[in-house]
Amino acid sequence: MTTLGAIYLPQHPPEALREVAVAADRAGLDELWLWEDCFLSGGVSASAAAVAWTERLRVGIGIMPVPFRNVAATAMEIATLSRMFGDRVLPGVGHGVQDWMGQVGARAASPLTLLREYATALRSLLHGEEVTVSGRYVRLDAVRLDWPPAAIPDLYVAATGPKTLALAGEVGDAIVLSGGTSPADVATARELSGSENLVVFVPALPGDSAGRLAAAREKYGHTFAGLSGRPAEIAEGVQSFAAAGATKVILQPLDEDDPVAYVRWVAEEVRPLVG
C-alpha cells in the first residue's frame, strides 16, 4: 500500500503547528512532513513537538541541511527522538540549498563530498559505533553516542541531480524528491539511485486549481505543476507516482491554503481512494 501524507509548510508560524498535527492525527493521516527551509522553522524542534502532541502520527523532517549542524549533534538529536518516539520521527538530511548555505557561511566547495562524509559518519553513530574520521569536512575523534537509538531509524536523503541521486542510493535508506517531480522523474530517480524507497512531494489541490498550480510551477521553475480535481482524480494521480516507483507520496499545498483543512482533505477524502 502506498503511504500518503501531507506537508505542513513552514511559511505558517510555528505556533500554528499544534492544531494541524492534532487534526492530522485525528483524521488518520499516514505522515506529516515538515520542511526546514531557511530561515523559517527548525525541523528538529518542530517535529519533536508534533509527535509529542499526537498519538500515532509519523512526522518526517524533509530535510535537515547538513552544513547547518555538526554531524555528532545531528546524531544526538535523531537518537533522542528515536528513543522517545520510536519510528514516528523520520529523519531526512541533504546538502541544502547552496545560496542559503552561503548566507550562513557554510557553503561547501563540494556539497557531494560533504554529504557523503556526513551521511556515512551519521549512520555509524546511529548504529552505536565509535567514529574517528578526518575527512575534508567531517572530523570526529573517538565519538560514540551514550544513548544510541534502540532501533536504528531509516535515514532519508534528499536528492535531485544524477550524481546526488547515485550518492543518496549509496548512503541513505530512502530518497526524498522535491515538489515539481513528475512520475517520469520518479522512475528516472529510481533507476539512477538504485533505491526502492522513494518519497516524493507532490503539489496537489482540490477542485479547479490548475491555474494556481501552473502559477506556482512558473514561480519555482518546476517541470511538473501537480495534481488537481476531485478526490478520485487526485488518487489516480497518486497511483501514477506509485506505479513509477514512489513508495510514499506526500501531498503539498500552497502557502495560502488552510493547513488544517488540507490535512483533513488528504486523510479523509483522498486516502480512502488510494490503494
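Residues numbered from 1 in each chain as written. Predicted model: local features only at pLDDT ≥ 70, side-chain atom pairs only at ≥ 80, totals over all residues. Heavy atoms only, no water.

## A closer look at the overall build of the chain
And step 1. Secondary structure assignment for the chain yields 10 helices and 11 strands.
And step 2. Relative to the compact-globule value of 19 Å for 275 residues, the chain shows a C-alpha radius of gyration of 18 Å, a close match.
And step 3. Considering only C-alpha atoms, the chain reaches an extent of 55 × 35 × 35 Å along its principal axes.
And step 4. Relative to all contacts within the chain whose residues are 6 or more apart in sequence, the contacts with residues 24 or more apart total 70%. (Helix = DSSP H or I, 4+ residues; strand = E, 2+ residues; numbered from the N terminus. Rg over C-alpha atoms; globule rule 2.2 N^0.38 Å. Contact = heavy atoms within 4.5 Å.)

## Concerning the packing of aromatic side chains
And step 1. Under the criterion given, the structure shown has five aromatic pairs.
And step 2. Centre to centre, the rings of Trp 33 and Tyr 156 are 5.5 Å apart; their planes meet at 75°, and the pair counts as edge-to-face. With Trp 33 in strand S2 (residues 31-34) and Tyr 156 in strand S7 (residues 156-158), this residue pair connects regions lying 123 residues apart in the sequence.
And step 3. Measuring from centroid to centroid gives 5.4 Å for Tyr 262 and Trp 265, while their planes differ by 50°, and the two rings are tilted. On the criterion of helical spacing, the pair formed by Tyr 262 and Trp 265 is a turn pair, its members being three residues apart in helix H10 (residues 259-270). (Phe/Tyr/Trp six-rings, centres within 6.5 Å; stacked < 30°, edge-to-face > 60°.)

## Observations regarding a nonpolar patch on the surface
And step 1. Together, Phe 39, Phe 68 and Val 104 give the surface a local cluster of nonpolar side chains, amounting to about 270 Å² of exposed area.
And step 2. Within the secondary structure layout, Val 104 lies in the loop between helix H4 (98-103) and helix H5 (111-126).
And step 3. Overall, the relative accessible area of 39% leaves Val 104 in the partly exposed class. (Patch = residues over 30% accessible without salt bridge, like charges linked within 9 Å, V, L, I, M, F, W, Y side chains within 5 Å. Areas by Shrake-Rupley, 256 points an atom, 1.4 Å probe, with all protein chains shown as cover. Salt bridge = Lys/Arg side-chain N within 4 Å of Asp/Glu carboxyl O. Buried < 20%, exposed > 50% of the residue type's maximum accessible area, 1.4 Å probe, protein only.)

## Side note on the side chain of Ser 182
And step 1. Among the structural elements, Ser 182 can be located in the loop between strand S8 (174-177) and helix H7 (183-193).
And step 2. When near neighbours in sequence (up to four residues on either side) are disregarded, Ser 182 contacts Phe 224 and Phe 241.

## Quick look at the side chain of Ser 41
And step 1. By the element assignment, Ser 41 lies in the loop between S2 and helix H2 (43-53).
And step 2. Setting aside anything within four residues of it in sequence, one finds Ser 41 in contact with Pro 10, His 12, Pro 14, Trp 35 and Glu 36.

## Describing the nonpolar core
And step 1. One finds Leu 29, Leu 32, Leu 122, Val 249 and Leu 251 to be the most contacted residues of the largest nonpolar core, which totals 80 residues.
And step 2. Sorting elements by how many residues they give to this core places H5 first, with eight residues.
And step 3. Residue contacts for Leu 122: discarding those within four places in its chain leaves Val 71, Thr 74, Ala 75, Ile 78, Val 93 and Leu 155.
And step 4. Residues Leu 9, Trp 33, Leu 90 and Phe 201 belong to the second largest nonpolar core, which totals 13 residues. (Core = buried A, V, L, I, M, F, W, Y, C linked by side-chain atoms within 4.5 Å.)

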